Amino acid sequence: MAEPLKDMYDHEFLASFAQRVSTVDAEFHPEAFLADIFITEWDDYSLLTRMRHIARVLGEHLSGTFEEACDTLARIDDTCEGGRYLFFPEFIAIYGMDDWALSMRMLERWTKLSTAEFAVRPFILKDPEYMLAQMYKWAQDQDEHVRRLASEGTRPRLPWGKSLPMFIEDPASTNQILETLKADPSLYVRRSVANHLNDISKDHPEYVLRVAAAWQGEHKDTDWVIRHACRTLLRRSIPEAFELFGYSDRRLAQNAYIRVEPAEVAIGDDVTVHYGFEATDEAKLRVEYAIDFVKARGKTSQKKFLLTDSTIQGGTGVERVRTHSFKDLSTRKHYTGDHRFTLFINGVEVAETSLRIIFN
């Protein structure tokens, strides 16, 4: 079994880092630093809790003022690149609230080494107007990591990050930033713009549909952005989203069916999903199947899985299979009971069947 991601912060890594710090800060003592890192609760800490704990303890052990501590870390940061060093920008989030000018410079510097998308959020929550102006400035930076920070840092519902209620309430707040980045030459940046809009779509689907319609056709890269941004709207079968992207009337697909074999399995088994339909005319079709998963207390929760998204020639009979695993995952635990399978074509239910999961 793979090691948990949080174990990247092991003793070897942190001891090596502490040694580097001690070469530029004579009052920094690696042994004392490590003793305060590996406290009793350490094993129970999540990845982000460990990262924040490291940042907090680092600030307690660096000598001098906040400015001097930033200078100390800057002297070794050319050896501190990658996701492990998220605690550099987090150090700013914890200790930099009294010196915003310096904090902005350091966040800009260190987002190039890992990412400051989490660390900027306390600053946004404290003064959103100031930070929107700062983010717009970063959106015009020469460095793609800094430009991405402008979008990623203002995402209303960033996974693992603090939500930004003011941007959830008013999705237009970040429009100037996204407009600046919608055709960015970097896919890294454009993907962030798409994810930002996808966040917004969960609370304001009509707003994202308006933005997508306004941007559509401006540039091939922007067309990719809006398509990726509307993925949740497509999964939720929003008719306006299907219309925007030119999907055909689902009635062009006739005689649809879905079948699952075997009809009864144990948790951990695989099943074969058979599905098919006939296209009476050339049609752009998005075909998905959904499973109503039984949850711990007997209720169900539906999840969709994409089968195909393409143009089908008229007069074509489509018959295909897909293997689906009922092995438990870190993100999904399976339970016994009847599970409904539904076939969707362009967001409309066209066929269904069921499967029973039993104990081993």
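For the structure, check the block above.
All values derive from a computational prediction rather than experimental measurement.

Visitor: Would you mind going over unusual backbone geometry with me for this structure?
Guide: Across residues other than glycine, the phi torsion is negative in most instances, and most of the peptide bonds are trans. In this model, Glu 261 is joined to Pro 262 through a cis peptide bond whose omega is -10°. Structurally, Pro 262 is set in the loop between strand E1 (253-261) and strand E2 (264-266). Non-glycine residue Trp 160 carries a positive phi angle of around 75°. Relative to the assigned elements, Trp 160 resides in the loop between helix H9 (144-152) and helix H10 (165-169). By relative accessible area, Trp 160 is classed as exposed at 58%. Backbone geometry at Ser 237 places phi at a positive 60°, although glycine is not the residue there. Of note, Ser 237 is situated in the loop between helix H15 (231-235) and helix H16 (239-244).

Visitor: I keep staring at the layout of surface pockets and nothing clicks. Help me out?
Guide: Picture a little ball the size of a water molecule; that probe, rolled over the atoms, points out where space is still empty. Of the voids in this model, the largest pocket is the one considered here, and its volume is about 160 Å³. Lining the largest pocket, in full, are Leu 47, Leu 48, Gly 82, Gly 83, Leu 86, Ser 114, Thr 115, Glu 117, Phe 118, Pro 159 and Trp 160. Its residues assigned to classes, the lining of the largest pocket comprises 6 nonpolar, 4 polar and 1 charged.

Visitor: What am I meant to see in the pattern of salt bridges here?
Guide: It is possible for side chains bearing opposite charge to pair when their charged atoms get close. Evaluated as defined, the whole model comprises 24 salt bridges. The salt bridge involving Arg 340 is made with Glu 352; its shortest N-O contact spans 3.2 Å. Here Arg 340, found in strand E7 (residues 337-345), pairs with Glu 352, found in strand E8 (residues 348-358); they are 12 residues apart in sequence, far enough to count as distant. Members of the salt-bridge network, linked through shared partners, are Glu 117, Arg 148, Glu 152, Arg 155 and Asp 199.

Thresholds applied
Residues numbered from 1 in each chain as written. Predicted model: local features only at pLDDT ≥ 70, side-chain atom pairs only at ≥ 80, totals over all residues. Heavy atoms only, no water. Helix = DSSP H or I, 4+ residues; strand = E, 2+ residues; numbered from the N terminus. Buried < 20%, exposed > 50% of the residue type's maximum accessible area, 1.4 Å probe, protein only. 1 Å grid on protein atoms, 1.4 Å probe; cavity = no way out; pocket = protein on both sides within 12 Å on 5 of 7 lines; lining within 4 Å. Points joined across faces, edges and corners; volume = space filled by probe spheres on them. Nonpolar A, V, L, I, M, F, W, Y, C, P; charged D, E, K, R; others polar. Salt bridge = Lys/Arg side-chain N within 4 Å of Asp/Glu carboxyl O.

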